[in-house]
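Listed below, chain by chain, are the residues.
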Amino acid sequence: MKLFASIYIGTYETTLKVFEISKQKGLKSIDTMKIQSDIIKDVLTKGVILPDTVDKLCRTLSDMRTTIEGYKVDFYSVAAGPNIRQAQNALIVLEQIKVRTGFSVNVLSNSEQRFLGYQAVASTEDFDDLISDSAVLVDIGGVSLQITLFSKGKIVTTQHLSLGTVSISENLKKLGSATETSLEQTYEMMYKELEVFKTMFLRDIEPKYMILFGVQVSTITERISTFSSKRIKTKEYIDYLKKINKQYIKNYETEHDIYLDNEDIIEPVVMLYKTLAETLKPEIVFAPGLSVCEGMALQFSYKKKWLTSRHDFENDVITAAWSIAKRYGSYQPHLKALFKLSGEIFDAMKKYHGLSRRERLLMQCIAILHDCGKYISLSEASSCSYTIIMSSEILGLSHKERELIATTVEFNRKPVEPFENLSDRFTQEEYLTILKLLAILKVANALDRSHKQKIKNVSIKVKDRELVISIEANSSLALEKGLFKKNADYFEEIFSIKPVLRENKKF
């Protein structure tokens, strides 16, 4: 058994969770500490994190360090949500935390934060059953929310909406939260945003489940909910939410002699949950009550091989990439051929490229998405492909990985820029990875240049510093052979291994 502690500096509270981790019992939370924070309020109203907020945060983290030391945990991790980057003094605040508490904080990108939450939800025993029909996973944050749509166990799309609990709360304050007009305006804005998502992406899909993720979910379901089950029929769920208002909350606090943290957030939370349920119209609402802290612990456990994930996250990435390619009208037979060929070349070059299984996943995404920009412009396909990939959330990939894919795709048609021009975006190692994946893409692409899948019975192996590609063809390969030499020269420049095409004639 191992002890692990997660500290997450979130939108409006800082959370510490201590976990017991064992292969027999999995992940078990044994202690939780939550302290309110005004970080996002400072950022939204002042543009900076105020000194009092920084001081309170540092005292909170110091107390949490004492708790961690008391448990004698084996490992711990400290992370902050991406919203902290919006503060003009973010670097100074992070340095003060390091000096005053000894914690080096890992600031997550939006993609990383959302994926940690997804890992937490996907760890539940019945998750794969929930998405096997149709489901929407709603990850609710302080500034925004993210909706992932599943159909028949596969990701259809992941979309980012500018609807968050704190941003809605601040908007209500500006409009005057006591007035019916401000509530009506806010509701109208939320319904409009969600209706756009529903019209564009749900279409004929009627989600059976709505899976809610976020700290606020556990607050409502655990503190003021009368439901004992985490699964609630939508009608009962909406009827219950309609009862919750400021007077209900005050009565609840008086009756139970407690004070609910972030009381001013509860109203916008309820408004948002009600709007989601009424717009998306699932049959059942599922609120597992998990947080980013669980995701941090699980991710660490998977890397250390303390636990094994029951869900295939790599398959999520691939299916999401295929969904994007389909949305932008990419020619599927060519993509499937390129997907297979690039994978075979990658595997044949395993001893020579020094890349990992993770880069193979990126290679597969590159093969699937390399032509998506043609939907917008044939002449500017490279730039358009880059924009589409960078604008599309692929659950399971970090922002940097998505940028690496987009840049490789862009260079497929454009001249490769020298490292000096990209050094502010990529390390030398990342830049070399781009060159290697691009070389593989170019050779694979040349083998189906006509988009007619002429070749079959492909055999690829490295012998005597040559990448020997033996094929059979069902028609002339004149076009493929013309492009192959140029792309083979680039491949040889990168790997010092020369691709050679050998056609086995059939008589």
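Here, the structure is the one placed above.
The structure contained in this document is the topic of the report that follows. (Residues numbered from 1 in each chain as written. Predicted model: local features only at pLDDT ≥ 70, side-chain atom pairs only at ≥ 80, totals over all residues. Heavy atoms only, no water.)

**What about the sheet that holds strand β14 (residues 498-503)?**
For clarity, the threshold we go by: A pair of strands is labelled paired if DSSP reports no fewer than 2 bridges between them. Comment: elements are numbered from the N terminus, with helices defined as DSSP H or I runs of at least four residues and strands as E runs of at least two. Helix axes use the C-alpha atoms of the stretch in contact, all axes being lines fitted to C-alpha atoms, and the angles between their N-to-C directions lie in the range 0 to 180 degrees.
Spatially, 3 strands are ordered β12-β13-β14 in an open sheet, and the strand pairing comes out mixed. Each of the sheet's edge strands pairs with one partner strand only, and the pair in question is β12 (455-463) and β14. The average angle at which neighbouring strand axes cross in this sheet is 20°, direction not considered. In the sheet, β12 pairs with strand β13 (residues 466-473) via 7 bridges, with the strands oriented antiparallel. If you follow Ile455 over to β13, its bridge partner there is Ala473.

**Notes on the pairing of strand β6 (residues 134-140)**
In plain terms, the rule: To sort residues, take the accessible area from a 1.4 Å probe on protein chains only and compare it with the maximum for the residue type: under 20% means buried, over 50% means exposed, and anything in between is partly exposed.
Counting buried residues along β6, 7 of its 7 residues qualify, which places the element largely inside the surrounding structure. Neither face of β6 is exposed, since Ser134, Val136, Val138 and Ile140 on one face and Ala135, Leu137 and Asp139 on the opposite face are all buried. Pairing of β6 with strand β7 (residues 145-151) involves 7 bridges; the strand directions are antiparallel. If you follow Leu137 over to β7, its bridge partner there is Thr148. Hairpin geometry of β6 and β7 is characterised by an intervening segment of 4 residues between the two adjacent antiparallel strands. In terms of strand pairing, β6 meets strand β9 (residues 209-213) through 5 bridges, oriented parallel. Residue pairing for β9: Asp139 is matched across the bridge by Phe213.

**Digging into the layout of surface pockets**
Under the convention used in this document: The rule is simple: put a 1 Å grid over the protein atoms alone, call a set of points where a 1.4 Å probe fits but cannot get out a cavity, call an open set with protein on both sides within 12 Å along at least five of seven lines a pocket, and count a residue as lining if it has an atom within 4 Å of a point. Grid points are joined across faces, edges and corners, and a volume is the space filled by probe spheres set on the points. Residues are grouped as follows: Ala, Val, Leu, Ile, Met, Phe, Trp, Tyr, Cys and Pro are nonpolar; Asp, Glu, Lys and Arg are charged; all remaining types, including Gly, are polar.
As a volume, the largest pocket reaches approximately 1,100 Å³. Looking at the lining of the largest pocket, the elements with two or more residues in it are β4 (75-80), α4 (110-122), α12 (292-304), α13 (313-327) and α16 (357-369). Split by residue class, the lining of the largest pocket holds 12 nonpolar, 10 polar and 8 charged. If you add up the space inside the second largest pocket, you get close to 750 Å³. If you tally residues by element for the lining of the second largest pocket, the top one is α13, at 6 residues. Considered class by class, the residues forming the lining of the second largest pocket number 9 nonpolar, 9 polar and 6 charged.

**With respect to helix α9 (residues 234-243)**
Along an α-helix, residues three or four positions apart point the same way, because every turn accommodates 3.6 residues. Formally: Here the arc refers to the set of directions running from the helix axis out to each C-beta atom.
Taken together, the buried positions of α9 are occupied by Thr234, Tyr237, Ile238, Tyr240 and Leu241. One face of α9 carries all of its buried residues, which in axial projection span an arc of 160°. Looking at α9, the residues exposed on the side facing more than 90 degrees away from the buried face are Lys235, Lys242 and Lys243.

**Digging into the sheet that holds strand β3 (residues 26-36)**
Taken in spatial order, the 5 strands make up an open sheet running β3-β2-β1-β4-β5, and their pairing is mixed. Two strands in the sheet have a free side with no partner beyond their single neighbour: β3 and β5 (106-107). For β4 and β5, the ladder comprises 2 bridges, and the chain directions are parallel. Bridging across to β5, Ala79 finds its partner in Asn106.

**What about the packing of aromatic side chains?**
Filter applied, for reference: The rule is short: rings of Phe, Tyr and Trp, with Trp giving its six-membered ring, pair when the centres are within 6.5 Å, and they are stacked under 30 degrees, edge-to-face over 60, tilted in between. Here, over-ring charges are defined by two tests on the NZ atom of lysine or the CZ atom of arginine: distance to the ring centre within 6 Å, and angle to the ring normal within 35 degrees.
A complete count under the given rule lists 17 aromatic pairs for this structure. Measuring from centroid to centroid gives 5.9 Å for Phe127 and Phe150, while their planes differ by 90°, and the two rings are edge-to-face. Of this pair, Phe127 sits in helix α5 (residues 127-131) while Phe150 sits in strand β7; the two residues are 23 residues apart in sequence, bridging distant segments of the chain. Assessed through its relative accessible area of 0%, Phe127 is described here as buried. An aromatic cluster of three or more residues is present, and its members are Phe115, Tyr118, Phe127, Phe150 and Phe313. Directly above the aromatic system of Phe103 lies the positively charged group of Arg65, at a separation of 4.2 Å from the ring centroid. For the cation-ring pair, Lys442 lies above Tyr490, with the distance from its terminal atom to the ring centre recorded as 5.8 Å.

**Points about unusual backbone geometry**
Phi is positive for Arg203, close to 50°, though the residue is something other than glycine. Structurally, the position occupied by Arg203 is in the loop between α7 (180-202) and β9. On the basis of relative accessibility, which here comes to 67%, the residue Arg203 falls in the exposed class. The phi torsion at Lys281 lies on the positive side, around 50°, for a residue other than glycine. In this fold, Lys281 is placed in the loop between α11 (263-280) and β11 (284-286). Look at Lys281 and you get exposed, because its relative accessible area is 56%.

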